[in-house]
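Coordinate analysis (summary)
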Amino acid sequence: MLLRATAVVVFVLGMDSYGAPIDHSKITQVVNDVSVLDPESKHSTPAEPKSIFGTPDIMKTGADSRSEMVAEDQTITRVGANSLFSFEPNERVINLKQGSVLFESPPGHGGGTVRTAAATASVLGTTIIVVVTKAGGFKFLVLEGKGKLTMPNGTVRILHAGQLIVVPPGATMPGPILTFLLKNEVDSSLLVVGFNGRLPSWGKIWKEIQRQEKEIADGELAAPTGVFGTIIDPNTRINQIGGLHANATPTPVIVNPTPQSTPRPTPRRQRTNPTGGNSPTGGP
């Protein structure tokens, strides 16, 4: 195992199930500099489409580079730029030491897990993006489905499509749940649009985009108010939405707000975050 997880992020959609291990996948596309490293000999060879990548080898991507792999059960793994990635033997586990990965597991196929040094993200019928930040933190975004973050101290957060959360380096508590512009993310993310084929879950993602845009138009979500920093890859910047689906107590978190000339629309209804936490939510 490359990494030791300090938190657990569980992405669920439906009942838990178990599938065959994902300890290898067929490489379906390689963009620019992608190589396969033997962990014992340290020998490196270029990654080739149609070849099989599996344990214990490590995949390394360079700048402006990425790779897509498809497992026998059609689970898709897309590795972003400047990443180090490997499969765990006899499990449905991905080890992500640095960089970014998009993981999509079809419902009922057993899901899968992405481990980093800061947290662990598990998928079941969900499409997520996981990013290891430069300082060793953890950032993940839900494109469709919903997710559950469980920290070692038992703290739980539930995320829906169009939401992200950050675990700062060395933190025992995650940051607040933030709502981001899903369409902007999908349109600009090379992990989504940077490959020849469209994700099988695209139809579900598009429905979530339409839902979010309708909620903004109806005044149930505020229009974008600021930018949530940068992420390594899949894209440039995250446009954060002012969450009007907040719980009853705290004020929604706004990061680097941009002044607006018009007031925010009055929310038509309130929704409660299933976690019982105090973060703004924008999902169903």
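Just so you know, these numbers come straight off a predicted model, no measurement behind them.

Okay, the overall build of the chain next. Per the secondary structure count, the chain includes 3 helices and 20 strands. A total of 284 residues make up the chain; the buried ones form 54% of that total. A separation of at least 24 residues holds for 58% of the contacts in the chain among residues at least 6 apart in sequence. Only carbon and sulfur atoms are counted for the fraction: they give 54% of the accessible area of the chain, which is about 12500 Å².

This part is about the environment of glycine 108. As for its placement among the helices and strands, glycine 108 is situated in the loop between strand 10 (93-104) and strand 11 (112-115). The exposure class of glycine 108 is exposed, given its relative accessible area of 62%. Sequence-wise, glycine 108 and glycine 125 are 17 residues apart; in three dimensions their C-alpha atoms are separated by 6.9 Å.

Next up on the list: the environment of valine 34. When you line up the elements, valine 34 lands in strand 3 (residues 34-37). By relative accessible area, valine 34 is classed as buried at 4%. Between the alpha carbons of valine 34 and arginine 66 there is a distance of 6.8 Å; along the sequence they are 32 residues apart. If near-sequence neighbours (up to four positions away) are discounted, valine 34 is found in contact with Pro46, Ala47, Met59, Lys60, Thr61, Ser65, Arg66 and Ser67.

To continue, consider the pairing of strand 7 (residues 66-70). In terms of burial, strand 7 is largely enclosed, as 5 of its 5 residues are buried. Residues Arg66, Glu68 and Val70 point to one face of strand 7 and Ser67 and Met69 to the other, with burial holding for every one of them. Relative to strand 7, strand 2 (residues 24-31) is paired through 5 bridges, and the arrangement is antiparallel. From the neighbouring strand, glutamine 29 faces strand 7, where its bridge partner is glutamate 68. As defined by bridge partners, strand 7 adjoins strand 8 (residues 76-79) across 4 bridges and the pair is classed as antiparallel. Within strand 8, the residue paired with valine 70 across the bridge is isoleucine 76. Where strand 7 folds back on strand 8, the antiparallel hairpin that results is connected by 5 residues, among which glutamine 74 adopts a positive phi of roughly 75 degrees.

When the terminal C-alpha atoms of helix 3 (residues 202-217) are compared, their 22 Å separation across 16 residues agrees well with the 22 Å that a helix rising 1.5 Å per residue should span. Those residues of helix 3 not exposed but buried are Trp202, Ile205, Glu208, Ile209, Arg211, Gln212 and Glu215. Just downstream of helix 3 lies glycine 219, where phi reads positive at about 85 degrees.

Moving on to unusual backbone geometry. If a residue is not glycine, its phi is most likely negative; likewise, a peptide bond is most likely trans. The amide bond that connects threonine 55 to the next residue, proline 56, takes the cis arrangement and shows omega of 0 degrees. On the secondary structure map, proline 56 appears in the loop between strand 5 (52-54) and strand 6 (58-61). Backbone geometry at lysine 50 places phi at a positive 75 degrees, although glycine is not the residue there. Structurally, the position occupied by lysine 50 is in the loop between strand 4 (44-46) and strand 5. Positioned with a positive phi, aspartate 64 is a non-glycine residue whose angle comes to about 55 degrees. Looking at the secondary structure, you find aspartate 64 in the loop between strand 6 and strand 7.

Attention now goes to the pattern of salt bridges. Applying the stated criterion to the full structure yields 6 salt bridges. Overlapping salt bridges, with partners in common, bring together Glu208, Arg211 and Glu215 in one network.

All told, the structure shown has 5 aromatic pairs when counted by the stated rule. Relative to phenylalanine 87, the ring of phenylalanine 85 has its centre 5.1 Å away and its plane inclined at 75 degrees; by these criteria the two rings are edge-to-face. Residue classification places phenylalanine 87 among the buried positions, given a relative accessible area of 3%. Centroid distance tryptophan 202 to tryptophan 206: 6.2 Å. Interplanar angle 25 degrees. Geometry classified as stacked. Of the two residues, tryptophan 202 and tryptophan 206 both sit in helix 3, 4 residues apart, roughly one turn of that helix. By relative accessible area, which is 18% here, tryptophan 202 ends up buried. Among the aromatic residues, those joined into a ring-pair cluster are Phe53, Phe85 and Phe87. One residue, arginine 66, lies across the ring of phenylalanine 195, its end atom 5.8 Å from the ring centre.

With that out of the way, let us pick up the confidence of the model for the chain. In this model, the chain carries an average pLDDT of 74, and 69% of its residues clear a pLDDT of 70 or more. Of all the helices and strands in the chain, strand 1 (residues 8-12) carries the lowest mean pLDDT, 44, while strand 3 carries the highest, 97. This model gives residues 1-17 a pLDDT under 50, and the stretch forms 71 contacts once residues within four places in sequence are excluded. For the stretch residues 229-237, pLDDT sits under 50, and the model shows 30 contacts to residues farther than four places along the chain or on other chains.

What counts, and where the lines are drawn
- Residues numbered from 1 in each chain as written.
- Predicted model: local features only at pLDDT ≥ 70, side-chain atom pairs only at ≥ 80, totals over all residues.
- Heavy atoms only, no water.
- Helix = DSSP H or I, 4+ residues; strand = E, 2+ residues; numbered from the N terminus.
- Buried < 20%, exposed > 50% of the residue type's maximum accessible area, 1.4 Å probe, protein only.
- Contact = heavy atoms within 4.5 Å.
- Areas by Shrake-Rupley, 256 points an atom, 1.4 Å probe, with all protein chains shown as cover.
- Pairing = 2+ DSSP bridges.
- Expected span 1.5 Å × (residues − 1).
- Salt bridge = Lys/Arg side-chain N within 4 Å of Asp/Glu carboxyl O.
- Phe/Tyr/Trp six-rings, centres within 6.5 Å; stacked < 30°, edge-to-face > 60°.
- Lys NZ or Arg CZ within 6 Å of the ring centre and 35° of its normal.
- pLDDT = per-residue confidence, 0-100.

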